[in-house]
Amino acid sequence: MGSMFKESKKRSLLIGLVWILCLSVIIGRLFWLQTFDHNELLADAEKKWIYDDKLRPKRGTIYDRTREQPLAWEVDAYIFLADPKQVKNPHKTALVLAPILKISESSLYKLLTSSKKSVELKADGHYKYPEPVYDKVMALRKQGQLEGIYAFPTTMRQYNGNEAAHVLGYVNYDDVAVGGVEQYYDRLLRGKEGYIKYLKARNGMMITDKPSKDTPPEPGKDLVLTIDSRIQQQVELELDEAVRNYQAKGGTAIVADPKTGEILAMASRPTFDPNRYAETINDDNRRNRAIESQFEPGSTFKIVTLAAAIEEGVFHPDALYQSGSIRVGDQVIRDWNETGWGRITYRQGIEESSNVAFVRLGQMLGNKLVDYIARFGFGNITDSFGKRTGIDLPAEARGVYYGRNLYPAELATTAFGQGISVTPIQQVAAVSAIANGGILMKPHVLKEEWDSGLSKKVKEYKPEGHRIIKPETAKQVRDLLRDVVAHGTGVEAEIPGYQVAGKTGTAQIPDPEGKGYLKGKYMVSFIGFAPYDHPNLVVYVAIDQPTTPTGSGSGGTVAAPVARNIMKAALQIRHVQPDQSFAESIK
């Protein structure tokens, strides 16, 4: 009995000691957690129960110069998600959704059979959808056909079809700005993200009435461009018609204000629809030819040589020379018509776009021609690459040059626009200097920056430029270019009521294999301005490899009429009154 009592007492004591030991361990652990491990555990708990949600800002709207016509803006949209565990028949669900979401069945099936708790239905360049698509999906869901499919509201970018597509660029489904103003000014348009922090339950639902922290997003800036939507639409119509009628490989057109450098319109063909970029964009149409294409300018470049010769005092309009051909070293350079026009004045040579006349002017200038080409913004042609104009658009090309000192024959061909490659925007900037009286302006597409909703103007673009030739030189060049349209190769650019000045260009296209030039393939162009005595705008048009019933056509027969139609519409839109006496005189 005594021994049993002792054994019982030992067991009780042992159990008590075990309990005391366990209690001590628990108390010690709690003490450790509260004093030494508190911050780490608190952070871990916050990860599980406190939720940070980013708040996406509204992207800024892009307007044309009138501030009345939006070119790119935000609209309500929806994204679709799936809970794969709730999708009972992924094959059938993919079959139903594929034509609605424009995602392939195979891509959808892969998403719907994912092991993840939820997946975004995002593939094949499609992610955000307008309200009509949302309505279709939700109607099918109510019918029980799309179990496990959910929709969440968001916004998406909207554009006016392909209008000014290369100027604007687009925003892809990952919210990355690609090309154009969207990319160049993304920092301004994007705005700043906000965030919200709150306690959440296991299912992610907020369990407090108010978030513990709330920083609202800052909307992006609204941008007003220099583009005039009315002129832009006219340019695109004319360019479409020209490329179609002449079965051309492509084309580009630019309209600019020579006094400010503002780009009033800019278009390239082929083009794409930024609303449907995944379906319409490809390697051929993604380039903005107006700033990215580099090709031999041909006779439009003669304007630079002419201005340099007048500025240096070596051009005498009534002096005579023998047209037709000229030997430079071991090379014979001929006029474009092979035979020339006999012994004519330099004024007549300008009107007829005589290569020989400009070779002679280049020889009179010598290496000063290289200096003037740089002065007109093209860069130094003894370098490998030229100089960008600095236009506020991404991917501007620089031009391709010799990368060394020129041989006499190379300087001779450069004088009439052969042997070097430049961009359309470089030519527009250079000729704008002739039109405005001798000042090289920096071309630009941004006019104003505004707070969201056009509530307050933040910044206005100030034109940038510097003088490169005397006003008298620019005036004499304008007078001579007026003769080109009135009597020479540019007659198809004439407009009743407006005296147009300009220059045609018909440039050979180099063989990609380096074997001279492609036979019968030309880049035809026209660049001009009106009214010639006080120009309101400059228009440039280039058509790539057109075909006509009689051959490939020329700058005078193909590009000049397109430029005329654009110029006439643009002058009327800008309320430039016609000179009725001149209109009557050419009737």
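Structural notes, computed from the coordinates.

## Quick look at the packing of aromatic side chains
Phase 1 of the analysis: Scanning all chains against the criterion turns up 10 aromatic pairs.
Phase 2 of the analysis: Their ring planes at 65 degrees and their centres at 5.1 Å tell us that Phe301 and Phe378 sit as a pair that is edge-to-face. A residue pair is termed long-range when its members are at least 10 positions apart, and Phe301 in the loop between helix H11 (289-292) and helix H12 (302-311) and Phe378 in the loop between helix H15 (368-375) and helix H16 (408-415) qualify at 77 residues.
Phase 3 of the analysis: Ring plane angle 75 degrees and centroid distance 6.5 Å describe the contact between Phe315 and Tyr346, whose orientation is recorded as edge-to-face. Taken as a pair, Phe315 in the loop between H12 and strand S13 (320-322) and Tyr346 in helix H13 (residues 346-351) lie far apart in primary sequence, 31 residues in all. Here the two residues Phe315 and Tyr346 agree in accessibility, since each one is buried.
Phase 4 of the analysis: Through a chain of ring-to-ring contacts, the aromatic side chains of Tyr170, Phe272 and Tyr277 assemble into a single cluster.

## Regarding the sheet that holds strand S12 (residues 263-269)
Phase 1 of the analysis: Read across the sheet, five strands follow the order S12-S11-S23-S22-S21 without closing on themselves; strand pairing throughout is antiparallel. Each of the sheet's edge strands pairs with one partner strand only, and the pair in question is S12 and strand S21 (501-510). Averaged over neighbouring strand pairs, the angle between their axes works out to 10 degrees when direction is ignored.
Phase 2 of the analysis: The pairing of strand S11 (residues 250-256) with S12 spans six bridges and is antiparallel.

## Some words on the nonpolar core
Phase 1 of the analysis: Membership of the largest hydrophobic core comes to 94 residues, with the highest contact counts inside it found for Met266 and Phe376.
Phase 2 of the analysis: Discounting residues that sit within four places of it in the chain, Met266 has contacts with Val167, Ile227, Gln232, Ala253, Ile254, Asn288, Ala290, Ile291, Ile391, Leu393 and Ile425.
Phase 3 of the analysis: Formed by 34 residues, the second largest nonpolar core is a distinct cluster that contains Ile231, Ala493, Val500 and Leu537.

## Some thoughts on empty space enclosed by the protein
Rolled over the atoms, a probe sized like a water molecule indicates the empty space that remains.
Phase 1 of the analysis: Evaluated as defined, the whole model comprises three cavities of 30 Å³ or more.
Phase 2 of the analysis: If you trace the largest cavity, you find it lined by Ala256, Asp257, Pro258, Gly261, Ile263, Ile425, Val428, Ala429, Ser432, Met441 and Pro443.
Phase 3 of the analysis: Residue classes in the lining of the largest cavity are distributed as eight nonpolar, two polar and one charged.
Phase 4 of the analysis: Of the voids in this model, the second largest cavity is the one considered here, and its volume is about 40 Å³.
Phase 5 of the analysis: Residue lining of the second largest cavity: Thr300, Phe301, Val304, Phe378, Gln427, Ala430, Val431 and Ile527, and that is the complete set.
Phase 6 of the analysis: Counting residues per element, the lining of the second largest cavity draws most heavily on helix H17 (residues 424-435), at three residues.
Phase 7 of the analysis: Of the residues belonging to the lining of the second largest cavity, the class tally is six nonpolar, two polar and no charged.

## Some remarks on the pairing of strand S3 (residues 70-82)
Phase 1 of the analysis: Strand direction decides the pairing type here: strand S2 (residues 62-63) and S3, joined by two bridges, are antiparallel. Residue pairing in the sheet places Tyr63 in a bridge with Pro70 of S3.
Phase 2 of the analysis: Between the antiparallel neighbours S2 and S3 lie six residues, among them Arg67 with a positive phi of about 65 degrees.
Phase 3 of the analysis: Where S3 lies against strand S5 (residues 149-159), 11 bridges are found, and the strand directions are antiparallel. Looking at S5, one finds that Glu74 is bridged to Arg157.
Phase 4 of the analysis: Both S3 and strand S4 (residues 119-120) contribute to a ladder of two bridges, which runs antiparallel. What sits directly across from Ala82, in S4, is Val119.

## Things to note about the layout of surface pockets
Phase 1 of the analysis: Size it by volume and the second largest pocket reaches roughly 680 Å³.
Phase 2 of the analysis: Around the second largest pocket sit 28 residues that line it, and Ser299, Trp336, Asn355, Thr506 and Tyr522 are the ones nearest its centre.
Phase 3 of the analysis: For the lining of the second largest pocket, the secondary-structure elements that each account for two or more residues are strand S15 (331-334), S21 and helix H19 (555-573).
Phase 4 of the analysis: Residue contributions to the lining of the second largest pocket peak at five residues, all from S21.
Phase 5 of the analysis: Tallied by class, the residues present in the lining of the second largest pocket amount to six nonpolar, 18 polar and four charged.

## Quick notes on unusual backbone geometry
Trans is the prevailing form of peptide bonds, just as negative phi is the prevailing case for residues other than glycine.
Phase 1 of the analysis: Residue Pro270 is bonded to the preceding Arg269 through a cis peptide linkage, with omega at 5 degrees.
Phase 2 of the analysis: The residue Pro270 is located in the loop between S12 and helix H10 (277-280) in this model.
Phase 3 of the analysis: Here the residue pair Ala530 and Pro531 is connected by a cis peptide bond, since its omega of -20 degrees sits within 30 degrees of zero.
Phase 4 of the analysis: Turning to its location among the elements, Pro531 is positioned in the loop between strand S22 (517-530) and strand S23 (537-544).

## Points about the packing of helix H9 (residues 229-245) against H19
Phase 1 of the analysis: As a packed pair, H9 and H19 sit with axes 10 Å apart at the nearest point and diverge in direction by 165 degrees. Of the possible angle classes, the one that applies to H9 and H19 is roughly antiparallel. Crossing angle aside, the handedness with which H9 passes H19 is right-handed. Contacts from Arg230, Ile231, Gln234, Val235, Glu238 and Ala242 in H9 reach Val562, Asn565, Ile566, Ala569, Ala570 and Ile573 in H19.
Phase 2 of the analysis: Tallied by class, the residues present in the contact of H9 with H19 amount to eight nonpolar, two polar and two charged.

## Focus: H19
Phase 1 of the analysis: Its 19 residues place the ends of H19 25 Å apart at the C-alpha level, agreeing with the 27 Å of an ideal helix rising 1.5 Å per residue.
Phase 2 of the analysis: Most of H19 is tucked away: 14 of the 19 residues are buried.
Phase 3 of the analysis: Downstream of H19 by a residue or two, His575 has a phi angle that is positive, lying close to 60 degrees.

## Structural notes on the environment of Lys521
Phase 1 of the analysis: Along the chain, the position of Lys521 falls in strand S22.
Phase 2 of the analysis: Distance in space between the C-alpha atoms of Lys521 and Gly551 is 9.5 Å, their sequence separation being 30 residues.

## Concerning the environment of Gly556
Phase 1 of the analysis: Among the structural elements, Gly556 can be located in helix H19.
Phase 2 of the analysis: In this structure Gly556 comes out as buried when scored by relative accessible area, which is 8%.
Phase 3 of the analysis: Residues Gly556 and Val524, 32 residues apart in the sequence, show an inter-C-alpha distance of 8.1 Å.
Phase 4 of the analysis: In contact with Gly556, not counting residues within four places along its chain, are Thr489, Glu492, Thr504 and Pro561.

Reading the values: the criteria
Residues numbered from 1 in each chain as written. Predicted model: local features only at pLDDT ≥ 70, side-chain atom pairs only at ≥ 80, totals over all residues. Heavy atoms only, no water. Phe/Tyr/Trp six-rings, centres within 6.5 Å; stacked < 30°, edge-to-face > 60°. Helix = DSSP H or I, 4+ residues; strand = E, 2+ residues; numbered from the N terminus. Buried < 20%, exposed > 50% of the residue type's maximum accessible area, 1.4 Å probe, protein only. Pairing = 2+ DSSP bridges. Axes fitted to C-alpha atoms, helices over the stretch in contact; angles between N-to-C directions. Core = buried A, V, L, I, M, F, W, Y, C linked by side-chain atoms within 4.5 Å. Contact = heavy atoms within 4.5 Å. 1 Å grid on protein atoms, 1.4 Å probe; cavity = no way out; pocket = protein on both sides within 12 Å on 5 of 7 lines; lining within 4 Å. Points joined across faces, edges and corners; volume = space filled by probe spheres on them. Nonpolar A, V, L, I, M, F, W, Y, C, P; charged D, E, K, R; others polar. Parallel < 35°, antiparallel > 145°, perpendicular 65-115°, else oblique. Left-handed = near helix turned anticlockwise from the far one by under 90°. Expected span 1.5 Å × (residues − 1).

That's the geometry; what it means functionally is another story.
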